[in-house]
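Single-letter residue listing:
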Amino acid sequence: MSRAIIKNFYFHNSNVKGAGEIAELFKSGILSDPERWQSVLPAKKIDNLLDGIESRLKIRMSELSLGIYKAIKNGPDAFITDKDEVYLFTGFAEIETTDKIINAITVNKDRLVSPTLFHNSVHNTPLGYWAIIEKKHNYCVTVSDGMETGLSFINFFRYIFETLPRAVIAAGDEWSRFLELDKENLYDLPAYNISYILEKSADKGIKYLGCYKDADDLISSGVCGGYNSIIADRDIFNTLKKSYKTKTVITDYPLVMDAPCGVILKFAMPSILEMDKALVVQKTVRGIYIFDFEA
Amino acid sequence: MKKNRVFIIHSGVATALGVDAESSVDLMINGLTTPYFPEPDSKYTRPFYKVPYNYDEYSGAVRQEAIAFKLVDDISSFFKDNKGVSLFLATSTGGIDESEKVYVDLLAGKIKYPLMKKHFFSGLPESLMKRYPGYFSDYMTFSTACSSSGQAILQAFRLIKEGVIDKAVVLGIDTIALTTVTGFDSLQLVCSGKSRPLTNGRDGLTLGEGAGIVVLQNKQIKGDEIEVVGAASTTDGYHISSPDPEGNGQKGCIYKALQEGGIEPSQVDYVNAHGTGTVMNDQVEIKTLKMIFGDNITVTSLKSYIGHTLGASTVDEIVLCEEMLKRGIICQPKDFSERMDDIVPEKTIEKRVKYFLKNSFGFGGNNVSLLLKTPN
């Protein structure tokens, strides 16, 4: 399995923009202190997404498309070559646009909908707009598996990335009322966008280590013992924090809450937080996946 | 480094022509397919093609699941000796028709429904993992509108070729949804009757329900399997729902696929076109194909028979091509007329095809071309 470094990172939600602001939160201790999360938790929507986008197309773009465009533009854009492949991971893609269409045809009984709404509703729309505005012709693909999209990213890293020297990663979701129609859905899903270049490296960066059945299985394996820093999703953060009181255990939850693509942010956190060595831990429906980071 | 070869060792299909490739091609040769014309008071305003099968044996499953279950059952012999295979899913609509059915009641708070589990992409792969324990090791769902299953095949092909995995199951599926019928109609891309791709009389597409499954593997079983020899994808960077009128993105994509396969344009015998039947799509695609292949090529679109099955269209049309080309023929519907160009045959012809190309072009200018080699 290959190691990969992360370059040209950008992230935003309603409160936080860029690697520097994430580093500030880390230094303040918020990422490891659940009692202080409330003050920084992201809102459902990101304000002022139109700012800084010159293209007139922006008035037609959804919040997700605007957010992904800005994340790529503020992150890897200037460093993307013609050969780079661009992968968008999104749990629900253009869900707000889709909700508007379903509402129009089922509630209002409309026989036609806005053409812009419809062509904006497909999962590949954000990369389509990015390519149009930036006049790019790169390989672009969207992967979407709902709440399990993080697992799809892990599969991408373990398999597809093996065949590539590097890849441009974009990820994100927008909030929609649609997501709250399901009363069994207890996830908090704010708007956020991430982009970076994932590049193969011989000896530095992040590497897949293995998969464990559950938290007990992971802890009893002893693998965490070799790390002073652990970055985990909220589901397992508390367990690890209690088990490893002398280690730095942090979570991405204050930045993306229950977002399905949180692992994509976690991949970048050790490098943007300037850690020497860290363990990245992601719980999925198939088990707990762990990744080693070496600076 | 020596690359692996990639063969299609099992396949299955579900379209308006039926739920197996053999009888589907029989129908292509002997008869005509007619889309379903909704009643005047129906919520659907345009005709569409539907899979003529009720899937009663899968009670409790939503239609998208039932179609997928049957396709997996159709290739169950493969799983007798193969477990833990990677699953590459593809869909454009993700079973959104189920959400449409419950949306009003959910909005009014009248019912509870596990929308996140049943709809929007997360539902189907987990249903497959649960129903067929051990069959699949992991999954990924590709969604690039009409090129979705082309992308899934491209990725599976590449991983097998590079030796990362040795086999993969690719399943593409899209059911009919009011969202897509109304949406395409709003873009003025839907015809009022049966679509007539690659003809001068074309006036839009007819949507179709469809699905296809293929098992890709790094070695042959019987020696007569179709081989995937090239796969490429580009982005137009031109318009969110219309192709670049100059066909530059499509041209680059086709050339890359040919280059990967080490094949000259003159060696390609047949192109199974994206051929949606919309004025613009067919115009650009034929222009692009003429630029690359000149007049020495045969081009048809299976959407004449099954409609546009969106994210499933690449894989279901490849499965139909597999059977059609095995019989040494290239089918055209019996009522086919007013062809756009001489490279489009006027009727079903006999032709021995060695190399053929499958094109898929999706919204956002997402182009996929797959180059395949038959055992002929």
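Reading the values: the criteria
Residues numbered from 1 in each chain as written. Chains lettered and ligands numbered in written order. Predicted model: local features only at pLDDT ≥ 70, side-chain atom pairs only at ≥ 80, totals over all residues. Helix = DSSP H or I, 4+ residues; strand = E, 2+ residues; numbered from the N terminus. Rg over C-alpha atoms; globule rule 2.2 N^0.38 Å. Buried ≥ 20, exposed ≤ 12 C-beta atoms within 10 Å, placed from the backbone. Contact = placed C-beta atoms within 7 Å. Nonpolar A, V, L, I, M, F, W, Y, C, P; charged D, E, K, R; others polar. Pairing = 2+ DSSP bridges. Expected span 1.5 Å × (residues − 1).

Student: Outline the overall build of chain B, listing residues and values.
Tutor: Within chain B, the regular secondary structure consists of 12 helices and 14 strands. Here chain B has a C-alpha radius of gyration of 19 Å; the compact-globule value for 376 residues is 21 Å, and the two agree. Summarising its shape, the C-alpha atoms of chain B cover approximately 60 × 50 × 40 Å along the three principal directions. Across the 376 residues that make up chain B, the buried fraction comes to 60%. Excluding contacts between residues fewer than 6 apart, the proportion of contacts in chain B whose partners are at least 24 apart in sequence is 79%.

Student: How would you explain the interface of chain A and chain B if you had to name every residue and give the values?
Tutor: Between chain A and chain B, the contact holds 50 residues from the first and 54 residues from the second. For the side of chain A that touches chain B, the element with the most residues is helix α5 (residues 125-134) of chain A, which contributes 6 residues. Residue composition of the side of chain A that touches chain B, by class: 24 nonpolar, 17 polar and 9 charged.

Student: Before we move on, could you go through helix α8 (residues 178-186) of chain B and cite the residues and values that matter?
Tutor: The buried count for α8 of chain B comes to 8 of 9 residues, which makes it a mostly enclosed element. When α8 of chain B is considered as a whole, its buried residues turn out to be T179, T180, V181, T182, G183, F184, D185 and S186 of chain B. On its buried side, α8 of chain B packs onto α3 (95-107) and α4 (115-119) of chain A together with β2 (48-49), α4 (96-107) and β6 (207-208) of chain B. Q188 of chain B sits one or two positions beyond α8 of chain B and adopts a positive phi of about 60 degrees.

Student: Lay out unusual backbone geometry in plain terms, naming residues and giving numbers.
Tutor: Residues and elements named next belong to chain A. The residue K109 is not glycine, and still its phi comes out positive at about 60 degrees. Mapped onto the elements of the fold, K109 is located in the loop between α3 and α4. In this structure K109 comes out as exposed when scored by C-beta crowding, with 8 C-beta atoms within 10 Å.

Student: Lay out the pairing of strand β2 (residues 85-89) of chain A in plain terms, naming residues and giving numbers.
Tutor: All names here are of chain A. Most of β2 is tucked away, with 4 of its 5 residues classed as buried. Sheet topology note: the β2/strand β4 (residues 166-173) ladder contains 5 bridges and is parallel. Bridged to Y87 within β4 is I169. As paired strands, β2 and strand β3 (residues 140-143) are joined by 4 bridges and run parallel to one another. Across the sheet, residue F89 finds its bridge partner in β3, namely V143.

Student: Got a sec to walk through the environment of H274 of chain B? Specific residues and values, please.
Tutor: Residue and element names in this part refer to chain B. Inspection of the secondary structure assignment puts H274 in the loop between β9 (268-272) and α10 (279-293). Residues H274 and Y255, spaced 19 residues apart in sequence, show a C-alpha to C-alpha distance of 16 Å. When near neighbours in sequence (up to four residues on either side) are disregarded, H274 contacts N281, E285, N359, S360 and F361.

Student: An account of helix α9 (residues 248-261) of chain B is requested, with residue identities and associated values reported.
Tutor: All names here are of chain B. Here α9 spans 20 Å end to end across 14 residues, near enough to the 20 Å set by a 1.5 Å rise per residue. When α9 is considered as a whole, its buried residues turn out to be G249, Q250, K251, C253, I254, A257, L258, E260 and G261. Where the residues of α9 are buried, they touch β8 (226-235), α10, β13 (355-362) and β14 (366-373). Two residues or fewer past α9, G262 is found with a positive phi of approximately 65 degrees.

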